[in-house]
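# Survey of secondary and tertiary structure
So you can see what is in the structure, the chains are spelled out below.
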Amino acid sequence: MSKQPPEPADPHDDEPIREHVFDGIQEYDKKLPNWWLMTFYGSIVFSIAYWLYYHTWEVGASPEEKLALQQERIAAHAAAEGLDEVDDDALFEASREESLVEAGRNAYAASCSACHGAELEGGIGSALKDADWTHGDRPMEIRRNIMEGIPAAGMPAWRQSLGERQINAVTAYILSVNPDLAPDDEPGG
Ligand code: HEC
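Residues numbered from 1 in each chain as written. Predicted model: local features only at pLDDT ≥ 70, side-chain atom pairs only at ≥ 80, totals over all residues. Heavy atoms only, no water.

### Here's the deal with the site of the ligand
Around the ligand lies a shell of 24 residues, among which C112, C115, H116, H135 and M155 are the nearest. The separation between a nitrogen atom of the ligand and a polar side-chain atom of H116 is 2.7 Å. The set of elements that each furnish at least two residues to the shell around the ligand consists of α5 (113–116), α6 (139–148) and α7 (159–176). The greatest single-element share of the shell around the ligand, amounting to 3 residues, is contributed by α7. (Near = heavy atom within 4 Å. Polar contact = N/O pair within 3.5 Å; in protein donor to acceptor, adjacent residues only side chain to side chain. Helix = DSSP H or I, 4+ residues; strand = E, 2+ residues; numbered from the N terminus.)

Set out below in structure tokens:
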């Protein structure tokens, strides 16, 4: 008769067992793992913070508000491109739109730099940077001067050859290098 090796100790021996039995199967009464509890409590804390931030205090912009902001910007852009009413504010807004300013810079280099200088420093035509604006320094006046020209002074009209969109872009470009022309409520104005 050989000795039986001792049964290996069951590591679950001293863990409590649930009362119920299903088809002869019993369950240990285990604690939930910490990672699971952290995720669970974390999501509760997050949902409360989220609710306060977006709904109770309305600190964060809702998707609707973000959409409205985007639409405002698009409207300003469209206005500056001549699709809608253009005014001083729309032109200033446009002077901060890199794509429009870039288009204006190109049009300026092609059509204006011969008389007004590559760096807007002036030449045959007056300086358009840090300038003494003799024909008006409001965005709409600058735009009008480009549009209609100043025939008596030798400044051609550009409405026909450039069109409104390009003239708006050139105006935006000129404004972008003349931050001192900003309306009073603008920073640095
Ligand atoms: C053939 C030369 C010539 C070209 C090309 C030309 N200009 Fe002029 N521009 C002038 C002259 C000359 C004046 C008038 C200067 C004055 O009265 O002191 C002037 C005046 C202006 C003024 C008014 C400046 C002020 O002091 O109020 C603006 C703005 C202007 N030009 C923009 C443009 C833009 C933008 C273009 C290109 C689309 C352009 N010009 C192309 C000759 C030109």
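### Description of the coordination of the iron atom of the ligand
Here the iron atom of the ligand is held by the protein donor atoms H116 (NE2) and M155 (SD), which lie 1.9 to 2.1 Å from it. One can describe the donor arrangement at the iron atom of the ligand as octahedral, given that its 6 donor atoms subtend angles of 87 to 179° at the metal. Within this pair, whereas H116 is found in helix α5, its partner M155 is found in the loop between α6 and α7, the two being separated by 39 residues in sequence. M155 matches H116 in its accessibility class, with the two residues each being buried. (Donors = N, O, S within 2.8 Å, 3.2 Å for Na, K, Ca; no water. Tetrahedral: all angles 85-135°; square planar, octahedral: opposite > 155°, others 65-115°. Buried < 20%, exposed > 50% of the residue type's maximum accessible area, 1.4 Å probe, protein only.)

### Considerations on the packing of aromatic side chains
Considering all chains together, one arrives at 6 aromatic pairs under this definition. Measuring from ring centre to ring centre gives 4.9 Å for Y53 and Y54, while their planes differ by 85°; the resulting arrangement is edge-to-face. Among the residues examined, Y54 registers a relative accessible area of 29% and is labelled partly exposed. Ring pairs connect the aromatic residues F46, Y50, Y53 and Y54, which therefore count as one cluster. Against the face of Y28 rests K30, its NZ or CZ located 5.9 Å from the ring centre. (Phe/Tyr/Trp six-rings, centres within 6.5 Å; stacked < 30°, edge-to-face > 60°. Lys NZ or Arg CZ within 6 Å of the ring centre and 35° of its normal.)

### Some remarks on the side chain of N145
Position of N145 relative to the elements: it lies in helix α6. Look past the residues within four positions of N145 in its chain and what remains in contact with it is H135, G136, I150 and M155. (Contact = heavy atoms within 4.5 Å.)

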